[in-house]
Amino acid sequence: MENKERLNVACFSTQDYDKAVFEKAINSAEPPYADSVAITYLSHRLTASTARLCEGYNVVIAFVNDDISAATVKALAHCNVKHIALRCAGFNNVDINAAHEHGIQVSRVPAYSPETVAEHTIALILTLNRQTHKAYNRVREGNFALSGLMGFTLHNKTVGVVGTGKIGCSVIRILSGFGCRILCYDPNKNHDAMDLGAQYVDLETLFAESIIVSLHCPLNESSHHMINSESLHKMQDGVMLINTSRGGLVDDKAIIDGLKSKKIGYLGLDVYERESELFFTDHSQDIIQDDNFQRLTTFPNVLITGHQGFFTAEALSEIAQVTLANIVNKTNIVTL
Ligand code: NAD
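Everything numeric in this text was worked out from a predicted model, so none of it was measured. (Residues numbered from 1 in each chain as written. Predicted model: local features only at pLDDT ≥ 70, side-chain atom pairs only at ≥ 80, totals over all residues. Heavy atoms only, no water.)

Enquirer: Before we go on, may I ask you to explain the domain arrangement of the protein in this structure?
Expert: It is common to give the size of an interface as the accessible area lost on bringing the parts into contact. Looking at the protein, the domain boundaries give domain 1 (7-112 + 312-329) and domain 2 (114-304). With 13 residues of domain 1 in contact, the opposing surface of domain 2 contributes 10 residues. Per-residue buried area on domain 1 facing domain 2 is highest for Asn65, Asn92 and Tyr112; these three make up 44% of the total on that side. Across the contact surface, domain 1 and domain 2 share 0 salt bridges. Across the domain 1-domain 2 interface, the total number found is 3 residue pairs in polar contact (both at pLDDT 80 or more). Its residues assigned to classes, the side of domain 1 that touches domain 2 comprises 7 nonpolar, 5 polar and 1 charged. (Domains from an automatic or database assignment. Contact = heavy atoms within 4.5 Å. Buried area = accessible area lost by both parts, 1.4 Å probe. Salt bridge = Lys/Arg side-chain N within 4 Å of Asp/Glu carboxyl O. Polar contact = N/O pair within 3.5 Å; in protein donor to acceptor, adjacent residues only side chain to side chain. Nonpolar A, V, L, I, M, F, W, Y, C, P; charged D, E, K, R; others polar.)

Below you can see the structure in the form of structure tokens.
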């Protein structure tokens, strides 16, 4: 390490908690990374214009809503950046081809505590079903009436899991503990899912038979807007739809129509297609311009969280450790 050049790293979209975990990870690594890595923390999102701030940096650390399109990559290459280290699993926000053309490596954190996101998925399911968010307010106001709070028993119900990778399997593991019948769909079958008792079916069968549909696949060309008016039509009336993966999996106009027609009985979202304009920032004093997002928040049976599925102390710590190791050792490089 001593003979190696110190890497100057610009970390974008930084919140206070990011800085705290990265600084802890730098100093607690064995050997510590402090001699080999120096991080400057920027609150800005990485975009084609903010990429110009990277003059003098060899590496950038980026997050889910940074816009790493071809124009951003070009600006980073102009600044001589050699490595984009994503502190997340998904890489749908990066033009990987452009990065490779400019000789920039892209790394990611492929697996950090999948249970963390799975547990948040279950939190959305249970909250929507048993309406604990409404019960909390009612009881604090001295209203002990139960009318309007009736849920359904999960035991023996059929749940459809779309995408049976690390997070999907973790969801299956928890739901099998509830005694649910689990149907799943994934172009690549996973023996872990089958060992947990889940049954692979085609997407049509999953939509037709599931009372809950939960999405756990990446956003790519084949999965973009996989939930649209056509797929909703194939689902049960009153279905519970959960998306903790990526907002672009869902056509928000179609789900608003689905909520209005009562095809969707419950909607739980941790992600939203245009979340980069909103999430991770306090907009409580702003007039939010995204009318579809605002419409979604008006339905009594919709629960939206601001991309917090990953947000536990354990997961953040693991993300920081793996991101730093990726930077120093050039591991977890994304290839196409
Ligand atoms: P993974 O790579 O382990 O699994 C993804 C699975 O999806 C794979 O088995 C793949 O074959 C499957 N798949 C790909 N295209 C599909 C399609 N069209 N239909 C059905 N299945 C398809 O990924 P993971 O770690 O389980 O993560 C899943 C997704 O969760 C990520 O892509 C990411 O978008 C999201 N995520 C969200 C958060 C959050 O905070 N909300 C955190 C981490 C990851």
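Additional details are given in the paragraphs that follow.
Enquirer: How should the pattern of salt bridges be read in this particular structure?
Expert: Once the charged atoms of two side chains with opposite charge are near each other, the side chains can pair. All chains considered together, the criterion is met by 6 salt bridges. A salt bridge links Arg181 to Glu209, with the shortest nitrogen-to-oxygen separation between them at 2.9 Å. Pair noted here: Arg181 is in strand S7 (residues 181-185) and Glu209 is in helix H8 (residues 203-209), with a separation of 28 residues, a long-range link. Owing to a relative accessible area of 35%, Arg181 belongs among the partly exposed residues under this scheme. When salt bridges with common partners are traced through the structure, they connect Asp252, Arg274 and Asp290 into a single cluster. (Helix = DSSP H or I, 4+ residues; strand = E, 2+ residues; numbered from the N terminus. Buried < 20%, exposed > 50% of the residue type's maximum accessible area, 1.4 Å probe, protein only.)

Enquirer: Mind showing me how you'd approach the packing of helix H1 (residues 16-28) against helix H12 (residues 313-329) here?
Expert: Packed helices, taken two at a time, are described by the angle their axes make and the gap between the axes. In the contact formed by H1 and H12, the axes pass within 9 Å of each other and the chain directions differ by 55 degrees. Classified by the angle between their axes, H1 and H12 sit oblique to one another. Where H1 crosses over H12, the two elements pack in a sense that is right-handed. Residue-level contacts link Tyr17, Val21, Phe22, Ala25 and Ile26 of H1 to Leu316, Ser317, Ala320, Gln321, Thr323 and Leu324 of H12. Of the residues assigned to the contact of H1 with H12, the class counts are 8 nonpolar, 3 polar and no charged. (Axes fitted to C-alpha atoms, helices over the stretch in contact; angles between N-to-C directions. Parallel < 35°, antiparallel > 145°, perpendicular 65-115°, else oblique. Left-handed = near helix turned anticlockwise from the far one by under 90°.)

Enquirer: Sorry, what's going on with the environment of Ala118 here?
Expert: Take Ala118: it is sitting in helix H4 (residues 114-130). The buried category is assigned to Ala118, whose relative accessible area is 0%. Sequence separation between Ala118 and Ile167 is 49 residues; the distance between their C-alpha atoms is 5.7 Å. In this structure Ala118 touches Ile167, Ser170, Val171 and Ile174, once residues within four positions along its chain are discounted.

Enquirer: Whenever I open this one, the packing of aromatic side chains confuses me. Can you help?
Expert: How two aromatic rings sit relative to each other is given by the distance of their centres and the angle of their planes. Within the structure shown, the criterion is met by 8 aromatic pairs. Ring geometry for Phe63 versus Phe310: centroids 5.4 Å apart, planes at 65 degrees, classification edge-to-face. In this pair, Phe63 is assigned in the loop between strand S3 (59-62) and helix H2 (70-78) and Phe310 in the loop between strand S12 (302-304) and H12, connecting sequence segments 247 residues apart. When the ring of Phe280 is compared with that of Phe310, the centres are 6.4 Å apart and the planes differ by 70 degrees; the resulting orientation is edge-to-face. Here Phe310 lies in the loop between S12 and H12 and Phe280 lies in the loop between strand S11 (264-269) and helix H11 (291-296), a separation of 30 residues in the sequence. Of the residues examined, Phe280 reaches a relative accessible area of 23% and is grouped as partly exposed. Ring-pair connections join several aromatic residues into one group, and the members of that group are Tyr17, Phe63, Phe280, Phe310 and Phe311. (Phe/Tyr/Trp six-rings, centres within 6.5 Å; stacked < 30°, edge-to-face > 60°.)

Enquirer: Please clarify how the sheet that holds strand S2 (residues 37-41) should be interpreted in this entry.
Expert: Pairing is parallel across the open sheet formed by 5 strands, whose spatial order is S2-S1-S3-S4-S5. The sheet terminates laterally at S2 and strand S5 (105-107), the two strands that pair on one side only. Across the sheet, the mean angle separating the axes of adjacent strands is 20 degrees when strand polarity is ignored. Two strands pair when backbone bridges link them, and strand S4 (residues 83-86) and S5 are joined in this way by 3 bridges, in the parallel orientation. When the sheet's bridge partners are listed, Ile84 is paired in S5 with Val106. Here H1 sits on the sheet in contact with S2 and S3, set at roughly 170 degrees to S2. (Pairing = 2+ DSSP bridges.)

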